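Summary of structural features
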Amino acid sequence: RPEVPHAVELCQKAGIKVKLITGDHLLTAHAVADAVGIAHEPRNLLNAEDLDGLSTADFAEKARQGSVFARVRPEQKHALVEALRRSGEVVAMTGDGINDAPALKKADIGIAMGLKGTDVARASADMVLLGDSFEAIEKTIFEGRRIFVNIQRSFYFLLAFHVPIVLVALLCPLLGLPLLYMPVHLVWLELIVHPVSALLFEGEPAPLDLMERPPRDPEAELLEKGPVWVSVISGMLLTSAVLWNFVTHLSQGLVYARSAGMAVLIMGSLLLVWAERAVDKPWWKLPFPRTKRFWTVWLAVALTLPAIMEIPWLEEIFQVTGISLADWGRAALLALAVIGWRAVGIPGHRGK
């Protein structure tokens, strides 16, 4: 099919080893592998008899090295999948016949053809392709990677933003300072953070190099240590800026000081969105966000602060007040100082 070579190429660039296992003749299998671009060498073209009588270790080596397997019997398909899994590979198997069912069942992900697939194959698989296209597998891998990256982005943001929320709440009473946060402020901050993490990051497009990254180790932790520490440091720096702006304005009254501190916190959170959106890369290397979802959520968060400061009945509820233009500028500079360094990315780190 015309779309298959490109899909195979993208999978191989993504570090996925594409193997052809068929009951057809070796010459037919070789021709198909050439046509769709499956990477192979002559020594990696194997017949069923090449697998017979091998020890477990030798069979596993053939399974890893081989790219095209011809005249393969159903039990050999099952054995190939089993050997690859024992070697530590994550195996996806696709097929449409009754003879594919044992291998589909054994694979980490069994993918059956929905149109031409037999009932047995569909029942044995974890996933059924409605269009019987290999391109659908590549698109599924792409979408799965995009979702995973956005989950990571969301968690990095949640981590960074919760650091100043928790630390400021703890440090104010410990240092003998008036409370910056009241219960209503904590509720408000949580109402801000959840739409950002659940809506804004979820709708983000995939990184441009997503299908050029190697597969992720299934045993790896959800969040990488490098970006986690960068997010924590960002949150701690934002904490210091919020507290400093709060304390230095206490001479103008608690309500004014609270407003000045909140201004730094919210502006910092808005910059954190851009920082965690990029994770490890410079902000300017990412495509400029063009989705309505991004700007609706981001601007809604940005407008909440002036709204509670300038609308009288909200001022009373939140116990804040409007601040001078100079103090808005000061808050913006503080937020930029503690988060803006993230614009250069994380030197020497590449997200996976």
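Thresholds, definitions, all that
- Residues numbered from 1 in each chain as written.
- Predicted model: local features only at pLDDT ≥ 70, side-chain atom pairs only at ≥ 80, totals over all residues.
- Heavy atoms only, no water.
- Helix = DSSP H or I, 4+ residues; strand = E, 2+ residues; numbered from the N terminus.
- Rg over C-alpha atoms; globule rule 2.2 N^0.38 Å.
- Buried < 20%, exposed > 50% of the residue type's maximum accessible area, 1.4 Å probe, protein only.
- Contact = heavy atoms within 4.5 Å.
- Areas by Shrake-Rupley, 256 points an atom, 1.4 Å probe, with all protein chains shown as cover.
- Lys, Arg positive; Asp, Glu negative; His and termini not counted.
- Charge placed at Lys NZ, Arg CZ, Asp CG, Glu CD.
- Salt bridge = Lys/Arg side-chain N within 4 Å of Asp/Glu carboxyl O.
- Pairing = 2+ DSSP bridges.
- Axes fitted to C-alpha atoms, helices over the stretch in contact; angles between N-to-C directions.
- Polar contact = N/O pair within 3.5 Å; in protein donor to acceptor, adjacent residues only side chain to side chain.
- Left-handed = near helix turned anticlockwise from the far one by under 90°.
- Nonpolar A, V, L, I, M, F, W, Y, C, P; charged D, E, K, R; others polar.
- Expected span 1.5 Å × (residues − 1).
- Arc of directions from axis to C-beta.
- Core = buried A, V, L, I, M, F, W, Y, C linked by side-chain atoms within 4.5 Å.
- Parallel < 35°, antiparallel > 145°, perpendicular 65-115°, else oblique.

Right, let's talk about the overall build of the protein for a bit. For the protein, the count of helices and strands is 13 helices and 6 strands. For a compact globule of 352 residues, the expected C-alpha radius of gyration is about 20 Å, and the protein comes in at 28 Å, more than 25% above that figure. Expressed along its principal axes, the backbone C-alpha trace of the protein runs to roughly 85 × 35 × 30 Å. Per-residue burial for the protein yields a buried fraction of 46% across its 352 residues. In the protein, once contacts between residues fewer than 6 apart in sequence are set aside, the share between residues at least 24 apart is 65%. Working note: accessible area of the protein is about 17,500 Å², and carbon and sulfur atoms make up 65% of it. The positive charge centre, built from 34 side chains, and the negative charge centre, built from 37, are 2 Å apart in the protein.

Bringing the pattern of salt bridges into the picture now. For the structure shown, the criterion picks out 16 salt bridges. In this structure, Arg 64 and Glu 61 form a salt bridge, with 2.3 Å as the shortest nitrogen-oxygen distance. Of this pair, Arg 64 and Glu 61 both sit in helix α3 (residues 56-65), 3 residues apart, which is roughly one turn of the helix. The class of Arg 64 is partly exposed, set by a relative accessible area of 31%. Here Glu 61 falls in the partly exposed class, since its relative accessible area comes to 33%. A salt bridge links Arg 342 to Glu 276; its shortest N-O distance comes to 3.1 Å. Taken together, the residues span a long stretch of sequence, with Arg 342 in the segment after α13 (325-339) and Glu 276 in helix α10 (residues 254-278) at a distance of 66 residues. Residues Arg 342 and Glu 276 agree in their burial class; the two are buried.

On to the sheet that holds strand β4 (residues 92-95). Hydrogen bonds between backbone atoms are what pair the strands of a sheet, whose relative direction is either parallel or antiparallel. Read from one edge of the open sheet, 3 strands run β4-β5-β6, paired in parallel fashion. Looking at the sheet topology across the chains shown, the edges are occupied by β4 and β6 (127-129). Strand after strand, the sheet turns through a mean of 25° between neighbouring axes, direction not considered. Pairing between strand β5 (residues 109-113) and β6: 3 bridges, direction parallel. In the sheet register, Ala 112 faces β6, and the bridge partner there is Val 128.

This next bit is on the side chain of Asn 245. Checked against the element boundaries, Asn 245 lands in helix α9 (residues 225-248). A distance of 3.5 Å separates polar atoms of two side chains, one belonging to Asn 245 and the other to Arg 330. If near-sequence neighbours (up to four positions away) are discounted, Asn 245 is found in contact with Ala 260, Gly 261, Val 264, Arg 330, Ala 331 and Leu 334.

Contact geometry for helix α1 (residues 4-13) and helix α7 (residues 134-174): axes closest at 8 Å, N-to-C directions at 35°. α1 and α7 meet at a crossing whose hand is left-handed. Mapping the contact onto sequence places Val 4, Ala 7, Val 8, Leu 10 and Cys 11 in α1 and Phe 134, Glu 135, Glu 138 and Ile 141 in α7. Class assignment for the residues of the contact of α1 with α7 results in 7 nonpolar, no polar and 2 charged.

Right, let's talk about α13 for a bit. Helix length check: α13 (15 residues) gives 21 Å between terminal C-alpha atoms against 21 Å at 1.5 Å per residue, within 8%. Three or more residues of α13 are buried, namely Asp 327, Trp 328, Ala 331, Leu 334, Ala 335, Val 338 and Ile 339. All buried residues of α13 fall inside an arc of 125° around its axis, so they share one side. Those residues of α13 that are exposed and aimed more than 90 degrees away from the buried face are Leu 325, Ala 326, Leu 333 and Ala 337. The inward-facing, buried residues of α13 abut α9, α10 and α11 (292-310).

Residues Trp 188, Leu 189 and Leu 305 are the most contacted members of the largest nonpolar core, which totals 54 residues. Among the elements of the structure, α7, α8 (183-200), α9, α10, α11, α12 (312-318) and α13 are those that each provide at least two residues to this core. The element best represented in this core is α10, accounting for 14 residues. In this structure, Leu 305 is in contact with Trp 188, Met 262, Ala 263, Ile 266 and Trp 328, ignoring residues within four places of it in sequence. Of all hydrophobic cores here, the second largest spans 20 residues; its members include Ile 21, Leu 46, Ala 83 and Ala 107.

Glancing now at the side chain of Thr 22. Along the chain, the position of Thr 22 falls in the loop between β1 (20-21) and α2 (26-36). Here the side chain of Thr 22 touches Asp 24 through a polar contact of 3.0 Å, landing on its backbone nitrogen. When residues no more than four places from it in sequence are discounted, the contact partners of Thr 22 are Ala 29, Phe 69, Ala 70, Arg 71 and Val 72.

Take the packing of α7 against α9 next. The N-to-C vectors of α7 and α9 enclose an angle of 40°; their axes lie 8 Å apart at closest approach. Relative to α9, the element α7 is oriented oblique. α9 is crossed by α7, and the crossing has right-handed handedness. Judged by residue contacts, Tyr 156, Leu 159, Ala 160, Val 163, Pro 164, Leu 167, Val 168, Leu 171 and Cys 172 of α7 engage Pro 227, Val 228, Ser 231, Val 232, Gly 235, Met 236, Leu 238, Thr 239, Val 242, Leu 243 and Phe 246 from α9. Grouping the constituent residues of the contact of α7 with α9 by class yields 17 nonpolar, 3 polar and no charged.

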